[in-house]
Structures are given as C-alpha cells and as structure tokens.
Amino acid sequence: MQISELGEFGLIDHLTSTIKLENASSLVGIGDDCAVLDCSGQKRTVVTTDMLMEGIHFDLVYTPFKHLGYKSAMVNLSDIYAMGGTPRQLVVSVAMDRRITVKALEDFYDGLRLACERHHVDLVGGDTTSSITGLAISITAIGEVLPYDGETEVRPILRSGAKDTDLVCVSGNLGAAYLGLQLMEREKQIYLSQLREAEQKGKAESVVFEPDFAGKEYLLERFLKPEARRDIIEALRKTGVHPTSMMDISDGLSSELLHICKASNCGCRIFEERIPIDYQTAVTAEEFNLNVYTCALNGGEDYELLFTVPLTDHDRVAALDDVKIIGHITRPELGAQLVTRDGNEFALQAQGWNQGEQ
Ligand code: ADP
Ligand code: MG
C-alpha cells in the first residue's frame, strides 16, 4: 500500500488508532490540536527532545524500522531516567521521503509502541510531513520526578551536584554498542562491494544484504536495541540512595564525565580496570585491533547511566546489581584523570561520538 492512498489523516489514523492511554496525567491524547496533560501535584515535570536524521544518526541499510522506532523512543526515555524521572508521555514527529512505505511506518510504530508499553509511556501526539531526501524523526518525552517514598522533597538529579569525595558509578557495561556499529559498518562495506560488482554485470537486484553476525548478537542488540535503565532508577529509589549528579552515557564515558566535572566544578579520578566491559566487547575489540578501553571511553550509544553518590552510600551502592564504582570525585584543580591498568595517569579527553551527534 502506498502512503498516498491513505492520505495524511488516513495514515495517522492507521498508525495510531489502537493506541491507549495508561497514565493518569495523560488527559487527552492523539486526535485534537494538542494533547492535554495534568502536570500538577507534588512533583517536577521534565521534558527532553531528540532529533534523529537518516545518514547522521541511523543508516537504513542495517537498521530495521521496528528497531529504529524502539531506539528513537529509548534514547529519549534514557534522558528522563537520567534526571531520576519516570517517563509518562511521548510526542513523535516524522518527515519522510517517497521511499518510505506504509509497511515501514507500521514497523516503526510497532517499535515505538513496544518501547512505550515496556516503559508505561503514552504516545499522545506528533506531526507527519514529507521530506525531499531522507527520513527525519523528532521525539519529545515528558516525565515526572516524584519524591522518594516517605519523603516530601522532590529532587531531580542534575549534572551539577557532584561533590569532592563522591563515588563515581556506572550501570551495565560500556563499549558494546560502539563495536556493534563497527560490525554493521564492516558488513555494509562487504555488501556495497558485492553490489558494485553485480552492477557492472547488470545484476544489482540479485544482491541482498546478508550479514554474518554469528556469535555477535549481544553487540548488535546493544547498538540496535538499547534499553533505557529504568531498573537502575528504581533500585536507587528502593535503597534510598540519592545520586548527587547523573547523566546517561550517549557520547562515551569520557565526554560525559567531563560534562559532570564542568557542571559540578570538580575533578575526578577513574580507574581503567574498574570500567565494566562485556566479554564479547573485549573479544571483538581485539578482532578490530582496537583498545577496548578506548571503545568504552569514547564509543557512544551505550545508554547506560553515569552517576555520583556520597561516600557514605558506598555499601548500599556496592550491593546493587549491575552497578560498578569506577572512581571518585576530586577537587577541580586535580582535573579529570584516568588511571590506566599499569598505573599511569592521563587527563580524560572528550572525543565523543563520530556519528554527527551534537
Ligand atoms: P495539526 O494540523 O493541528 O498539526 P495534525 O493533523 O498534524 O494536526 O495532527 C492531528 C492529530 O494527530 C494530533 O493530535 C497530532 O498530535 C496527531 N499526530 C499527527 N501526526 C502524528 C504522528 N506521526 N504520530 C502520532 N500522532 C500524530
Ligand atoms: Mg501537524
């Protein structure tokens, strides 16, 4: 089916008619000029938005539409969790060119819906328009920060609250998504050279993208289908630990640590050997002749959480599943330092992510 057969309103209706609202704060969803939200009560409202451009943030050669929908939602939910918040609503805008089919959009919305269901978020609106070249996606997420159980004060977790002697913690493991991307890029190059060869023989249609990823599923999953760490926020709340600062790791650990140090006017000391790395990440980094710690420090798109906690919370944080203490906060004049496995010290540098993310 062609998009033109449905028309703009038919298309929106087709994609969104089964969406139901879950949250008490979602009063009116898709269908009117605006959604209506109830942001009153004893809480703070947090809002974030992200744009994803084809060719800059994603490549349709190796990104299935369902994964694209899922990931587009997830990167926004991750920002809400990074404030200590609970996401409640999403608004999604899509600009598409003529290549995009109704089936592709259905898959995209399947992915979006799955992300929303898993995180109890309501899709309450959006916009649909055309583009001359490439697909563009813009998602806005709205969430709320509630007080911890038994407390009255609401404390959104900013980047600016880290204090000297605080412990620096990360969730999960790092560098896996970056290596997932390297694998995808390698297979894409193989595919493109097969395609060029076939084109010369006039048989371009016979080439299909059939990548060989055996044994690398975890890395691909981390790149294509990241999971925003709702579980970590819940675990911190349960143990009563208030992080002093937090952000999600989208541009690499180094870059994010420097953001926290700058915003909090502090330094930090991080130990390379404590940076959590998955076995497959280490093996694959070696295959690519890459230093796995460089991948963990400078790769992107992990969507793990980086946070600091007071030293007095050491035992409670050390007991949490899937959280590692990788160092501590220092006075600003000491700078942001990495202590390598062989005991050398280097100033952390923000190399960031090379996919055009600003
Ligand atoms: P307007 O002309 O006021 O922008 P639209 O026709 O674009 O209205 O949108 C009608 C309704 O459909 C609105 O509630 C809007 O939020 C929703 N909507 C439009 N596009 C999308 C989309 N891609 N995904 C979800 N909701 C959408
Ligand atoms: Mg509109």
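None of these values were measured; they are calculated from a predicted model.

Procedures and definitions
Residues numbered from 1 in each chain as written. Chains lettered and ligands numbered in written order. Predicted model: local features only at pLDDT ≥ 70, side-chain atom pairs only at ≥ 80, totals over all residues. Heavy atoms only, no water. Helix = DSSP H or I, 4+ residues; strand = E, 2+ residues; numbered from the N terminus. Rg over C-alpha atoms; globule rule 2.2 N^0.38 Å. Buried < 20%, exposed > 50% of the residue type's maximum accessible area, 1.4 Å probe, protein only. Contact = heavy atoms within 4.5 Å. Areas by Shrake-Rupley, 256 points an atom, 1.4 Å probe, with all protein chains shown as cover. Lys, Arg positive; Asp, Glu negative; His and termini not counted. Charge placed at Lys NZ, Arg CZ, Asp CG, Glu CD. Pairing = 2+ DSSP bridges. Axes fitted to C-alpha atoms, helices over the stretch in contact; angles between N-to-C directions. Core = buried A, V, L, I, M, F, W, Y, C linked by side-chain atoms within 4.5 Å.

K.L.:
Where do I start with the overall build of the chain in this structure?
P.N.:
When you go through the chain residue by residue, the secondary structure sums to ten helices and 13 strands. For 358 residues, the compact-globule formula gives about 21 Å, and the C-alpha radius of gyration of the chain, at 22 Å, lands near that figure. Summarising its shape, the C-alpha atoms of the chain cover approximately 65 × 55 × 30 Å along the three principal directions. Counting all 358 residues of the chain, 50% fall into the buried class. When contacts within the chain are restricted to residue pairs at least 6 apart in sequence, long-range pairs at least 24 apart make up 85% of them. Accessible surface for the chain amounts to roughly 17,300 Å². Of this, 50% is attributable to carbon and sulfur atoms. The distance from the centre of the 33 positive side-chain charges to the centre of the 55 negative ones in the chain is 2 Å.

K.L.:
Would you take a moment to explain the sheet that holds strand β3 (residues 44–53) for this structure?
P.N.:
The pairing of strands in a sheet comes from backbone hydrogen bonds and takes either a parallel or an antiparallel form. Taken in spatial order, the four strands line up as β3-β6-β4-β5 in an open sheet, and their pairing is mixed. The sheet is open, and its two edges are formed by β3 and β5 (122–130), each paired on a single side. When the angles between neighbouring strand axes are averaged without regard to direction, this sheet yields 15 degrees. Relative to β5, strand β4 (residues 86–96) is paired through eight bridges, and the arrangement is parallel. Bridging from a neighbouring strand, V94 pairs with T128 of β5.

K.L.:
I would appreciate a short explanation of the sheet that holds strand β10 (residues 304–309) in the present structure.
P.N.:
Spatial ordering of the open sheet is given by β8-β10-β7-β11-β9-β12-β13, a layout of seven strands whose pairing is mixed. Taken across any chain shown, the strands that pair with only one partner, and hence form the sheet edges, are β8 (245–249) and β13 (345–347). On average, adjacent strands in this sheet sit at an angle of 25 degrees to one another, irrespective of strand direction. Strand direction decides the pairing type here: strand β9 (residues 267–271) and strand β12 (residues 336–339), joined by four bridges, are parallel. Residue pairing across strands places R269 opposite Q337, the latter belonging to β12.

K.L.:
Just to check I follow, could you spell out the nonpolar core for this structure?
P.N.:
For soluble globular proteins, the rule of thumb is that nonpolar side chains tend to be buried together. One finds L90, V92, F108, L112, L135, I137 and F307 to be the most contacted residues of the largest nonpolar core, which totals 52 residues. Looking at this core, the element that brings in the most residues is helix α2 (residues 65–81), giving eight residues. Apart from residues lying up to four places away in sequence, L112 is in contact with G69, Y70, A73, L90, V92, L123 and I139. By size, the runner-up hydrophobic cluster in this structure holds 39 residues, among which are L220, I249, Y293 and L338.

Nothing here speaks to function; it is all geometry.
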